[in-house]
Amino acid sequence: MPRLGLLLFPTSGLLLFDHSDSLDLDELIELLDSGLEKLVVPLSWAKELIAVIPAERLYLQLDVANFSAVSDVLRNGVSGVLLKTPTLDIDLISSIAKFFKGSDVYVLPTPPSITPSRTVLRELQNIGATLVIPTSQLTLQDTSSTQLNMIDAFLASISSDPTRRGHTLGLVYSSIESIKESVITGKGVYQSRGRGLWRKGETSGATQDVIRISLDCDSDCLEYRVIQHGAGFCHLDRTSCFGKASGLPALEKTLQSRLNLAPEGSYTKRLFEDPELLQAKIMEEADELCRAEEAEDCVAAGVSISDIEKSLDRKAKKITRRQGNAKPQWTSPPPSASVVPPSTGRPIPPTDSQAPIKMRTSNLSSISAAERALLLRRPVLQIPGNDSQSSPLLSNKFVKMVTAALLELTAKFDRAKLEATTVLPPYPLESMNLVTEVKEAIDVAYANIRRFHEAQTTGETLKVETMPGVVCSRFARPISRVGLYVPGGTAILPSTALMLGIPAQVAGCEEIVLATPPRSDGSISPEVMYVAHLVGATAVLKAGAYGTETVPKVDKIFGPGNQWVTAAKMLVQNDTDALAFVAADLLSQAEHGVDSQVVLTAQVADIEEEVDKQAKALSRVSILRESVSKSLIVKTSSVEEAIAFSNDYAPEHLILHLENASSHLAAVKNAGSIFVGPFTPESCGDYASGTNHTLPTNGYARQFSGVNTQSFQKHITSQEITQDGLKALGPIVATLADCEGLAAHANAVRIRLNTY
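Given the structure is predicted, the values throughout are model-derived calculations rather than measurements. Sequence positions are assigned chain by chain, starting from 1 and proceeding in written order. Only residues with pLDDT of at least 70 are given local features in this predicted model, and only at 80 or more are side-chain atom pairs given and counted; all residues enter the totals for whole chains, interfaces and linings. Calculation of side-chain values draws on the structure's entire complement of heavy atoms; hydrogens and water are dropped beforehand.

This part is about the sheet that holds strand β20 (residues 511-515). One bridge is not enough; two strands pair if DSSP finds at least two bridges between them. By definition, any uninterrupted DSSP run of H or I lasting at least four residues is a helix, any uninterrupted run of E lasting at least two residues is a strand, and each is numbered from the N terminus. Spatially, the five strands line up as an open sheet ordered β16-β21-β20-β19-β22, and their pairing is mixed. Two strands lie at the open edges of the sheet, namely β16 (422-423) and β22 (556-558), each paired on one side alone. Inspection of the sheet shows strand β19 (residues 481-485) paired to β20 by five bridges, in the parallel sense. Bridge pairing in β20 places Gly 483 opposite Val 513. Lying over the sheet, helix α15 (residues 494-507) contacts β19, β20 and β22, oriented at roughly 170° with respect to β19. What makes two residues a contact is simply this: any of their non-hydrogen atoms within 4.5 Å. Axis lines are fitted through C-alpha atoms, for helices just across the contact stretch, and the angle between N-to-C directions can take any value from 0 to 180 degrees.

Moving on: the pattern of salt bridges. Once their charged atoms are close, side chains differing in charge can pair, the charge on each being opposite to the other. Salt bridges, as used here, are contacts in which a Lys or Arg side-chain nitrogen is within 4 Å of a carboxyl oxygen on Asp or Glu. Under the defined criterion, the tally for this structure stands at 13 salt bridges. For Lys 616, the salt bridge is made with Asp 612, and the minimal N-O distance between the two is 3.5 Å. Linking Lys 616 with Asp 612, this pair stays in helix α18 (residues 608-616), spanning four residues, or about one helical turn. Relative accessibility decides the category of a residue: with a 1.4 Å probe and only protein chains considered, values under 20% of the type maximum give buried, values over 50% give exposed, and everything between is partly exposed. We classify Asp 612 as buried; its relative accessible area is 16%.

Spatially, β1-β2-β3-β4-β5-β6 is the arrangement adopted by the six strands of the open sheet, whose pairing is parallel. Looking at which strands have only one partner, the edges of the open sheet turn out to be β1 (14-16) and β6 (129-131). Geometrically, the sheet is characterised by an average inter-axis angle of 25° between neighbouring strands, direction not taken into account. Where strand β3 (residues 58-63) and strand β4 (residues 80-85) come together, five bridges link them in parallel fashion. The residue of β4 that forms the bridge with Leu 62 is Leu 83.

Nonpolar side chains (Val, Leu, Ile, Met, Phe, Trp, Tyr) are joined into patches within 5 Å and like charges within 9 Å, using only residues with over 30% relative accessible area and no salt bridge. Here the open area of atoms and residues is found with the Shrake-Rupley method and a 1.4 Å probe, where only the protein chains shown may cover a residue. We treat Lys and Arg as the positive residues and Asp and Glu as the negative residues; His and chain ends play no part in the count. The atom standing in for a charge is NZ when the residue is Lys, CZ when it is Arg, CG when it is Asp and CD when it is Glu. A contiguous patch of negative charge on the surface is contributed by Asp 24, Asp 26, Glu 27 and Glu 30. The residue Glu 27 is located in helix α1 (residues 25-33) in this model.

What follows is about the packing of helix α17 (residues 579-590) against α18. Direction vectors running N to C along α17 and α18 enclose 55°, while the axes themselves pass 9 Å from each other. It follows that α17 is oblique to α18 by the angle criterion. Seen along the crossing, α17 lies across α18 with a hand that is right-handed. Each of Leu 579, Ala 580, Ala 583, Ala 584, Leu 586 and Leu 587 in α17 lies in contact with α18, whose residues at this interface are Glu 610, Val 611, Gln 614 and Ala 615. Each residue is assigned to one class: nonpolar for Ala, Val, Leu, Ile, Met, Phe, Trp, Tyr, Cys and Pro, charged for Asp, Glu, Lys and Arg, and polar for all the others, Gly among them. Here the residues of the contact of α17 with α18 sort into eight nonpolar, one polar and one charged. Note on angle classes: values under 35 degrees are labelled roughly parallel, values over 145 roughly antiparallel, values of 65 to 115 roughly perpendicular, and the remainder oblique. A clockwise turn of the near helix away from the far one marks a right-handed crossing, whereas an anticlockwise turn of less than a right angle marks a left-handed crossing.

To continue, consider the side chain of Ser 627. By the element assignment, Ser 627 lies in helix α19 (residues 621-630). Definition of a polar contact: a pair of N or O atoms within 3.5 Å, with one able to donate and the other able to accept a hydrogen when the atoms are protein atoms, and with sequence-neighbouring residues admitted only if both atoms are side-chain atoms. A distance of 2.8 Å separates the side chain of Ser 627 from the backbone oxygen of Ala 590, its partner in a polar contact. If we ignore the near neighbours within four places in the chain, the residues touching Ser 627 are Ala 590, Gly 593, Val 594 and Ser 596.

Here Ala 532 is to be found in helix α16 (residues 526-534). Residues Ala 532 and Met 432 lie 100 residues apart in sequence; the distance between their C-alpha atoms is 9.5 Å. Ignoring sequence-local partners within four residues, the contact set of Ala 532 consists of Tyr 427, Leu 514, Ala 537 and Val 540.

Next up on the list: helix α5 (residues 118-126). Within the sequence span of α5, burial applies to Val 120, Leu 121 and Leu 124. Relative to the axis of α5, the buried residues are bounded by an arc of 100° and lie together on one face. Immediately downstream of α5, the backbone of Gly 128 shows phi near 85°, a positive value. The arc in question is the one spanned by the directions pointing from the helix axis to the C-beta atoms.

Among buried residues, the Ala, Val, Leu, Ile, Met, Phe, Trp, Tyr and Cys ones that are joined through side-chain atoms within 4.5 Å form a nonpolar core. Grouped together as the largest cluster of nonpolar side chains are 37 residues, with contacts concentrated most on Leu 39, Val 41, Leu 60 and Phe 100. Among the elements that take part in this core, helix α2 (residues 43-49) stands out by supplying four residues, more than any other. Not counting residues within four places of it along the chain, the set of residues in contact with Phe 100 comprises Leu 60, Leu 62, Phe 67, Val 70, Arg 75, Val 78, Val 81 and Val 105. Residues Val 486, Leu 498, Tyr 530 and Ala 537 belong to the second largest nonpolar core, which totals 30 residues.

This is the structure we're talking about:
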């Protein structure tokens, strides 16, 4: 890299790729494994690398003119940016630095012809950016018009705090009172010149347990030895004000992090929980050290703790990970001579090419609720990095932690202590106690909003005969369970509750769960509670999160602010004696891939022989062996029971192979597309009947529709109010605006009422 030597970075071990040639991923990973700290890569490379290389090892090289091309995903996939700019526009650089908040921001003038002043360096530092200076512009001599003294550059952004003993930089102050408080409480307490006693971490959570306080040799400086909790000591959420931890402290932090985040079943989790595996790995590492011939791998005489820490730092920088199995000589043999192959999460296909190709069969009348729930699970997609080990937040341990943590976090952030997170109807009258004027205003608003939204629902079914004898239809069904987020706490926003709750009510949603932050006393504002009563909310949450037993599950979430392909087919059959048709439909969908799953819910299910015969005659029989083994036959006692199971499963395609099949359409709640009657194979929908075959997969038919014309449309509302209309509606609007504390909204109405 010819330009690399011209740049000074505050961090060592960076490699700048100042070109856009094709990348060699293996070479880049090898560089990182060998100890390189970070890669500085162009925009075209970064889009591919963020999915492979950890963010803390990547910097983005970005021309200022291309800033708009950086997405949130790309920003979150890197830990810093090298900004190339022809001018040092502080305002523009400040905007970019805000976008990359939390990441390192370096600024490289191109061409690097401008010698920066200390003022410019200070301004950049104040906005969180660092200037990259060519060595040709640095000197150890006095600063001139063409060169900047290196010490001046280093000290440009430094500020000192005057004390009676001289100057201190980046240290804390203590007083007799703060030292006493530390000794009494055992916590890190210091002296702030502006606020008095400073209890470290009181608001941020980064508290300290004091181990020892000692004086230096001149008795004019204290040393606090502490156990640091939270993100770290520095206000920038770093371990130290003087850089990142390294060596043994870094190893300790890494171990703590990996213990907390290790998914169930992962190598890291097993290493912490399996004493035998841990002992075997320690023996293995000790053996490697004993046999080491190179100094960097050996702890023999002459190797210091510093050398060991450097070795640990090098190993921590590796991108690739070793397999988590100890070497055989350090593991105990299993108690039994039989060997059980490890589970891969997917059925092992039979090796006998003549073995029957069979589906698994269950009878709903003889299984428990838990066993029925297992039947509704989809096969796990075999995507690298997308297994249970990469989803620690969904682990059982996490689910158990969340319920208790909700109450703790609500107390911390909402300043409200709750005994329970959920309020269920009937809602107490005292929780909806409103002044008459506000209640009447909400009633009128509710009636108007409901009237408008009711007009949007026609209830009509779209039917089109795309060719003689081929009729396609489209109709609507409500989402069963919805969650509505209403901002609250310091604000009172019944309008949001109305705007979300009324459409859900009009649509016919069976469960409406309203979530809103509580007030400091733990209650919900009476305005919001009254709206919850009007819209028929089935629960009101004061705090909520994924994975708890106390928070009702919903299929889709609506609300302002931050929001938190298996080919699944279902065929419902009764005794129509058309087993060949049914088997053919099942196999037509099972052949998509080894992760496909088909489900037959039937009163009569003597179909396995027909499935086996047809499968062995097809060209994709190897795929069918795996997909059919994942598929299900669910025996039911009635068509109604079969359709109820289908609604819970929410298939992408639903084939109704029934007598008088169209009479059962009204009972279907969840399906991507329905194929009605024995002469409507799903294949027609895939190709030419006229309906769209891009449908919600993996159970998402509970809350999403397939692609249709409205997927590509938006709806715009319009209102025109006459003078008389405003006289009637204006006071109601002004009252609601006053209730929410939005005086300008109320003024926009009253100024018109008072003018005419």
